Amino acid sequence: MISISELVKSYGNAGNKNQVLKGISLQIADGDFVVILGASGSGKSTFLNVISGLERPDSGSVVYGTSDITRLTDEKLTQFRKDNIGFIFQQYYLLPNMTVEKNVRMGADLAGNREYREMITAVGLEDKTGKYPGELSGGEQQRVSVARALAKKPKTLFLDEPTGALDEQTGRQVLDYICRLHQEYGFTMVMVTHNQNIAEMADTVVKMNSGKVTEVSANEQRKTAYEIGW
Amino acid sequence: MVVGMKDTVKLVGISVIAACAVFVCTLFLNYNRDLAAMQGEIMTEAGMAMYRAQVSTGKVVAAVSGGCLAITSVIMLLFYVKNYIDTHGRELGILKALGYSGFKIARHFWVFGLSVFVGCALGYGLAFLYLPSFYALQNAEQLLPEIEVQFHISVAFFLVGVPAVAFSVLAVIYARLRLRRPVLDLLKDKHEYQTKGNRRETKDQPFLKELAGSTVRERKALVFFVTFSAFCFSAMVQMSLSMKDLSSETMAVMMMTIGLILAFMTLFLSLSSVVKGNTKTIAMMRVFGYPYSDCSKAVLGCYRPFSYMGFVIGTIYQYALLKIMVSIVFADVGNVPEYRFDLTACAITLGLFIPAYEIVMYGYARRIRRLSVKSVMLE
């Protein structure tokens with residue numbers, strides 16, 4: 001369970017302060033697939049960064065089980081991310097001078113996962129292990145970043161607009177891979193997106209506007225990546 | 001304008017190296033020219049032997065120091081031009097796409113030669129200021145006729161004018177060659193098209209080892225600079241410590257100062273480039289939970305063996321150079337002690353080198369700690 005309480009985050013100095021998160025509270029159950037929906041500038045990416053431990057809030061708490069990550073030292077927060085968190089970004093952020101296999105090993109080695117090739121197979125890239133990111137399409141690159149994130153066996157996976165740079169067909173394919181792996185491994189998944197259709201795939205939908213949560217709803221029936229609109 | 005004057009400010013390393021090279025060459029070549037004019041006044045056999053030794057010393061020092069530093073400046077210049085084109089590929093690609101020819105863009109790179117001009121002029125000016133003291137030291141030995149500092153336009157021309165023009169032309173030619181790539185390649189990120197050529201099968205290598213290896217492979221010029229930095233430290237400090245019986249204290253201090261400036265300047269520039277070139281990799285490693293120590297070890301630690309290799313090469317180089325100078329150049333001159341490898345100087349230099357190098361590495365490891373993951377990813 002992730003318990004988020006009264007989260008506040010601002011940027012800028014005293015004279016020109018911009019409060020991006022205005023006291024957000026939320027509970028995320030283990031194994032849940034949560035989609036955070038919001039327009040550009042609603043604070044959803046900042047919220048994701050703070051609850052994943054990439055940024056520190058001004059106030060409030062983010063408690064994983066019994067551990068409040070806002071109170072951890074830098075070293076302990078790094079260790080926490082190492083043991084618990086996986087990330088997938090819109091821009092992939094693959095290491096350009098490393099092959100698919102080595103990019104996946106970046107995540108796998110942290111968890112001592114020697115079976116990382118299974119993850120490459122799971123995203124359908126078993127015949128491209130020796131390729132470099134520059135030799136792959138956008139969809140393939142995003143699948144590498146999925147394999148990299150999951151090869152470290154995270155308990156929680158954070159996704160920031162994972163299909164934002166992909167066309168419809170490729171986007172559906174990537175989402176399908178992610179959802180199938182989510183069902184297979186049972187990790188908690190928090191995805192930020194502005195695409196309302198993707199929300200139909202989630203267990204829980206959190207709508208954000210101007211730094212606040214405006215609505216939290218649960219989906220009775222989850223749809224697959226090929227059933228949603230685009 | 002494609003390349004602005006402010007871009008040349010970053011080439012301060014080349015200016016410093018050029019200044020050091022021209023400083024040393026001016027001292028010895030100007031002295032040689034003035035000495036040659038006095039050749040007819042030397043009457044004794046011992047004086048002639050000393051004259052020949054001094055002329056040879058001047059030629060050897062100017063050729064070895066000047067040549068070595070000139071090669072380094074060339075490599076550094078090419079590195080900067082390549083780096084500039086890699087980091088400004090999009091802008092240059094757009095210009096090519098708009099119809100500018102490769103040469104039209106490349107010709108603006110002449111400004112890179114300005115850094116050499118500034119360095120050479122500075123080195124020449126400093127040398128000219130120091131020449132009276134240098135001549136006084138040589139005159140004090142009273143083995144040769146007393147000589148005075150004369151201005152030689154040819155020395156100034158060949159040590160300031162020629163290098164500035166040559167480096168400007170070199171920068172333009174090299175930029176032209178680098179800009180022969182197709183427009184789309186320029187528009188893409190540097191690594192997007194660098195793949196097959198650098199491929200190396202290291203399947204079972206752990207990620208951190210692979211990262212260290214690829215950091216070295218991707219930036220071979222930086223390997224040279226890190227090695228060169230240790231080489232300068234080792235060679236110049238050992239030489240200045242072990243040549244106390246062969247030359248004046250002033251010369252030793254001068255040599256040590258030049259060596260230390262070159263060593264630290266090159267090391268700072270290299271490590272800054274290493275950290276800057278790996279910011280995104282470090283940011284991703286931090287996001288995934290790699291501790292700072294792993295990031296530093298993989299990105300900076302891989303250069304450590306090259307540094308120590310540079311130290312060893314520097315030790316051999318200075319020993320060989322002094323041995324040659326003493327046994328060949330000063331062969332006809334009496335009272336010159338036999339030169340042996342100075343183990344004490346080597347131990348002292350190593351004792352200074354290890355903490356100095358590790359402190360610099362620690363400083364850059366601290367710089368890695370200060371990298372903001374968010375700011376890197378928002379770039």
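This text follows the structure it describes.
Residues numbered from 1 in each chain as written. Chains lettered and ligands numbered in written order. Predicted model: local features only at pLDDT ≥ 70, side-chain atom pairs only at ≥ 80, totals over all residues.

Asks: Tell me what's going on with the overall build of chain A, and back it up with residues and numbers.
Replies: Assigned secondary structure in chain A consists of 6 helices and 10 strands. On C-alpha atoms alone, chain A measures out to a radius of gyration of 17 Å, which is about the 17 Å that the 2.2 N^0.38 rule sets for 230 residues. With respect to the three principal axes, the spread of C-alpha positions in chain A is 50 × 40 × 35 Å. Going through the 230 residues of chain A one by one, you find that 49% of them count as buried. At a minimum sequence separation of 6, the contacts of chain A that also span at least 24 residues come to 70%. (Helix = DSSP H or I, 4+ residues; strand = E, 2+ residues; numbered from the N terminus. Rg over C-alpha atoms; globule rule 2.2 N^0.38 Å. Buried ≥ 20, exposed ≤ 12 C-beta atoms within 10 Å, placed from the backbone. Contact = placed C-beta atoms within 7 Å.)

Asks: Tell me what's going on with the overall build of chain B, and back it up with residues and numbers.
Replies: A count of helices and strands for chain B gives 16 helices and 0 strands. Buried residues in chain B amount to 40% of all 379 residues.

Asks: I'd like a rundown of the nonpolar core, residues and numbers included.
Replies: With 167 residues, the main nonpolar core has A:Ile36 and B:Val22 as its most contacted residues. Of the residues forming this core, the biggest block, 16 residues, is contributed by helix α2 (residues 12-37) of chain B. Counting contributing residues per domain, this core is built from domain 1 (1-194) and domain 2 (198-372) of chain B, each supplying no fewer than three. Beyond its immediate stretch of four places on either side in the chain, A:Ile36 contacts A:Lys44, A:Phe47, A:Leu48, A:Val190, A:Met191, A:Val192, A:Val206 and A:Met208. (Core = buried A, V, L, I, M, F, W, Y, C linked by C-beta atoms within 7 Å. Domains from an automatic or database assignment.)

Asks: Give a detailed account of the interface of chain B and chain A, specifying residues and quantitative values.
Replies: Taken residue by residue, the interface counts 20 residues in chain B and 24 residues in chain A. Looking at the side of chain B that touches chain A, the elements that each hand over two or more residues are α9 (207-218), α12 (279-288) and α16 (373-378) of chain B. With 5 residues, the single largest contributor to the side of chain B that touches chain A is α12(B).

Asks: Report on the sheet that holds strand β1 (residues 2-11) of chain A, specifying residues and quantitative values.
Replies: Residues and elements named next belong to chain A. Strand order in the open sheet formed by 4 strands is β2-β1-β4-β5, and the pairing between neighbours is antiparallel. Bordering the open sheet on either side are β2 (18-28) and β5 (67-68), each of which pairs with just one other strand. In terms of strand pairing, β1 meets strand β4 (residues 59-64) through 5 bridges, oriented antiparallel. Across the sheet, the residue bridging to Ile 2 is Tyr 64, located in β4. (Pairing = 2+ DSSP bridges.)

Asks: How would you sum up the sheet that holds strand β9 (residues 204-209) of chain A? Please name residues and give values.
Replies: All names here are of chain A. With mixed pairing, 6 strands are arranged side by side in an open sheet as β6-β7-β8-β3-β9-β10. The two strands at the open ends of the sheet, each matched to only one other strand, are β6 (85-89) and β10 (212-218). Strand after strand, the sheet turns through a mean of 15 degrees between neighbouring axes, direction not considered. Where strand β7 (residues 156-160) lies against strand β8 (residues 188-193), 5 bridges are found, and the strand directions are parallel. What sits directly across from Asp 160, in β8, is Val 192. (Axes fitted to C-alpha atoms, helices over the stretch in contact; angles between N-to-C directions.)

Asks: Run through helix α15 (residues 343-369) of chain B, naming residues and quoting values.
Replies: Turn by turn, an α-helix covers 3.6 residues, leaving residues three or four places apart pointing in a common direction. Helix length check: α15(B) (27 residues) gives 39 Å between terminal C-alpha atoms against 39 Å at 1.5 Å per residue, within 8%. Along α15(B), the residues classified as buried are B:Ala345, B:Thr349, B:Phe353, B:Tyr357, B:Ala365 and B:Ile368. (Expected span 1.5 Å × (residues − 1).)

Asks: Summarise the environment of B:Phe157; cite the residues concerned and give the values.
Replies: Its location among the elements puts B:Phe157 in helix α7 (residues 153-178). Taking the C-alpha atoms as reference points, B:Phe157 and B:Ala127, 30 residues apart in sequence, are found 15 Å from one another.

Asks: Which residues make up the packing of α2(B) against α7(B), and what are the values?
Replies: Residues and elements named next belong to chain B. At a minimum axis distance of 9 Å, the contact between α2 and α7 shows a crossing angle of 160 degrees. Of the possible angle classes, the one that applies to α2 and α7 is roughly antiparallel. Note that α2 runs across α7; the crossing there is right-handed. Together, Ala 18, Val 22, Cys 25, Thr 26, Leu 29, Asn 30 and Arg 33 of α2 and Val 155, Leu 159, Val 160 and Pro 163 of α7 make up the contact between the two elements. Grouping the amino acids of the contact of α2 with α7 by side-chain chemistry returns 8 nonpolar, 2 polar and 1 charged. (Parallel < 35°, antiparallel > 145°, perpendicular 65-115°, else oblique. Left-handed = near helix turned anticlockwise from the far one by under 90°. Nonpolar A, V, L, I, M, F, W, Y, C, P; charged D, E, K, R; others polar.)

Asks: Account for α2(B), naming residues and giving values.
Replies: With 26 residues, α2(B) extends 37 Å from end C-alpha to end C-alpha; this agrees with the ideal 38 Å at 1.5 Å per step. Burial runs high along α2(B): 20 of the 26 residues are buried.

Asks: For unusual backbone geometry, give the residues involved together with the corresponding values.
Replies: All names here are of chain A. In this model, Glu 6 sits at a positive phi of 50 degrees, which is unusual for a non-glycine residue. Positionally, Glu 6 belongs in strand β1. Phi is positive for Ser 210, which is not a glycine, with a value near 50 degrees. Summarising the element assignment, Ser 210 is placed in the loop between β9 and β10.

Asks: Account for the environment of B:Leu350, naming residues and giving values.
Replies: Residue and element names in this part refer to chain B. Along the chain, the position of Leu 350 falls in helix α15. According to the C-beta neighbour criterion, Leu 350 is partly exposed, with 17 such atoms within 10 Å. Along the chain, Leu 350 and Val 237 lie 113 residues apart, while their C-alpha atoms are 9.7 Å from each other.

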